[in-house]
Amino acid sequence: MTVDLLIRDAFLYIDRDWEVANGWLAIKDGRVHGIGDRVEDAPAARSVISAHGRLVTPGLVNAHHHMYQNLTRAYAPVTNGTLFEWLKGLYPLWADLDEESVYLSTCVAMVELLMGGCTTSMDHMYVHPRPFLIDAQFRAARDIGFRFHATRGSMTRSVEDGGLPPVSVVQDEDTILADSERLVGAFHDPAPGAMGRVALAPCSLFSVSERIMTESARLAEKHDLRLHTHLAEDPDEDAYCAEIYGCTPTEYFERVGWASPRSWVAHYIYPTGDEIDRLAHAGVCTAQCPCSNMMIGGGTADAMDMRRRGMRVGLGCDGSASTDHASMWLETRMAMLLGRFRHGPHAMSARDALDMATRGGAACLGWEDEIGHLRPGACADLVIWSISEVAAAGALSDPVEAWLRCAPAVAGTTIVNGKVLVSDGVPVLANLGDILRDHAREARRIQRLGT
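Residues numbered from 1 in each chain as written. Predicted model: local features only at pLDDT ≥ 70, side-chain atom pairs only at ≥ 80, totals over all residues. Heavy atoms only, no water.

(A) Spotlight on the overall build of the protein chain. What the protein chain contains, in helices and strands, is 15 helices and 17 strands. For the protein chain, the C-alpha radius of gyration of 21 Å lies close to 22 Å, the compact-globule estimate for 451 residues. When the backbone C-alpha atoms are referred to their principal axes, the protein chain occupies close to 70 × 50 × 45 Å. Summarising the internal contacts of the protein chain: among those between residues at least 6 apart in sequence, 75% fall at separations of at least 24. Accessible area for the protein chain stands at about 16,700 Å²; split by element, carbon and sulfur atoms hold 53% of it. Across the protein chain, 41 positive and 59 negative side-chain charges occur, with their mean positions spaced 3 Å apart. (Helix = DSSP H or I, 4+ residues; strand = E, 2+ residues; numbered from the N terminus. Rg over C-alpha atoms; globule rule 2.2 N^0.38 Å. Contact = heavy atoms within 4.5 Å. Areas by Shrake-Rupley, 256 points an atom, 1.4 Å probe, with all protein chains shown as cover. Lys, Arg positive; Asp, Glu negative; His and termini not counted. Charge placed at Lys NZ, Arg CZ, Asp CG, Glu CD.)

Structure, rendered in structure tokens:
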């Protein structure tokens, strides 16, 4: 049998309990076909890539992102603000989003993610000043060849209702629910190997009505979808929930029917130990966003404690103006550093962080059967990592530890669904220059900088 692609002479990290030194990996029909540790046993292939001893891992899985926000990257007026301050500063700008700007920002985000070793990403699109913005995202994912798990975000509470956003970026409940049904019908593919799926994702407990929370849970049950929201991200959220709902954010989350294996939450920085235990027991996963939370000075989730308590933890890039990058490699490195900083050098290894970035993210998306590992039959989403000879000089004993300790590492080759999308560190996208030019124009328009 002849396979489509053979990667040889690699250090293969297949899964958390399976590594192969000087191995080969064969790909056929968008799936991992076989793995071996001797080159002479490798199958014939239409195309061969020699990894020259470099590390190969599953593609990283981004479990929390806001792709449109790269249009306001490093926006100076809010770079030193708190969470609520930068939201108030940016919401009026995001009111100018349209289909073209969302398409362009999604393209840029996906290409940047591919260059940082990410092969599957969700996106939390919760600002909807105009219709069909998520449609534009699916068009971008199709044009690039990226595996995409969209989440239909929503907000119903504007400043007039005691919320943070202006009226221009919120929607009424019936519009949100009808569009959620439409998107599921148009884009959600529950089949194995899907390139596009949809989840439901009210933005946060302080930005949507209780009806949206409960109806989203009902729709998720009806269509067998995932559920996502921000939770316990900021102390102001505790004060808001205590005043409005008479309980903590986690208690409200449970009250509206979200404490189920369908749900994953972003950040989850300020729960009690008992609340973590309850959600872990319910099967809820969480996405830690290390760089974003540190950049905004808002604390960070204790990922290793959560894992110890039985909660599955993935990683997310989040969005601008808190993070301002989309490198899952950097998030993975930062997660490792945070874990060691908090609990000491024995607390967290590079393999723990890599497990969060692969298996953990796949668990958040409910996709652990096919992504986040490279066992035979898995989706052929993987990365051949590259690091300069100078930065890697002397790192001879452990390629996985060296991957995060020596820096920076970038994706030399990124493969999604068996197709090479980054080669020799360069995105395989013929019109990338045009996309960047048009993105710059839209960013200037939205930031109101003129021509």
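(B) Spotlight on the domain arrangement of the protein chain. Once the domains are mapped, the protein chain shows domain 1 (3-58 + 374-427) and domain 2 (63-365). Once you take the C-alpha centre of each, domain 1 and domain 2 turn out to be 29 Å apart. At the interface, 33 residues of domain 1 touch 28 residues of domain 2. Together domain 1 and domain 2 conceal approximately 2,500 Å² of surface at their shared face, both sides included; 59% is due to carbon and sulfur atoms. In this assembly, domain 1 and domain 2 are joined by five salt bridges. (Domains from an automatic or database assignment. Buried area = accessible area lost by both parts, 1.4 Å probe. Salt bridge = Lys/Arg side-chain N within 4 Å of Asp/Glu carboxyl O.)

(C) Representation of the environment of D143. As for its placement among the helices and strands, D143 is situated in helix α3 (residues 133-144). Along the sequence, D143 and E389 sit 246 residues apart, while their C-alpha atoms lie 34 Å from each other. Polar contacts involving the side chain of D143 include one to the side chain of Y103, which spans 2.6 Å. (Polar contact = N/O pair within 3.5 Å; in protein donor to acceptor, adjacent residues only side chain to side chain.)

(D) Main features of unusual backbone geometry. Cis geometry marks the peptide bond from A407 to P408; its omega dihedral reads -5°. Take P408: it is sitting in the loop between α14 (399-405) and β15 (410-416). The backbone phi angle of Y268 is positive, close to 45°, even though this residue is not glycine. Taking relative accessible area as the criterion, Y268 reaches 0% and is therefore assigned buried. (Buried < 20%, exposed > 50% of the residue type's maximum accessible area, 1.4 Å probe, protein only.)

(E) Just helix α8 (residues 273-282), in detail. Taken residue by residue, α8 has E275, I276, L279, A280 and A282 as its buried positions. Looking down the long axis of α8, one finds its buried residues gathered within 160° of arc, a one-sided arrangement. The inward-facing, buried residues of α8 contact β10 (227-231), α7 (249-255) and α10 (303-308). Following α8 by one or two positions, G283 adopts a phi angle in the positive range, close to 90°. (Arc of directions from axis to C-beta.)

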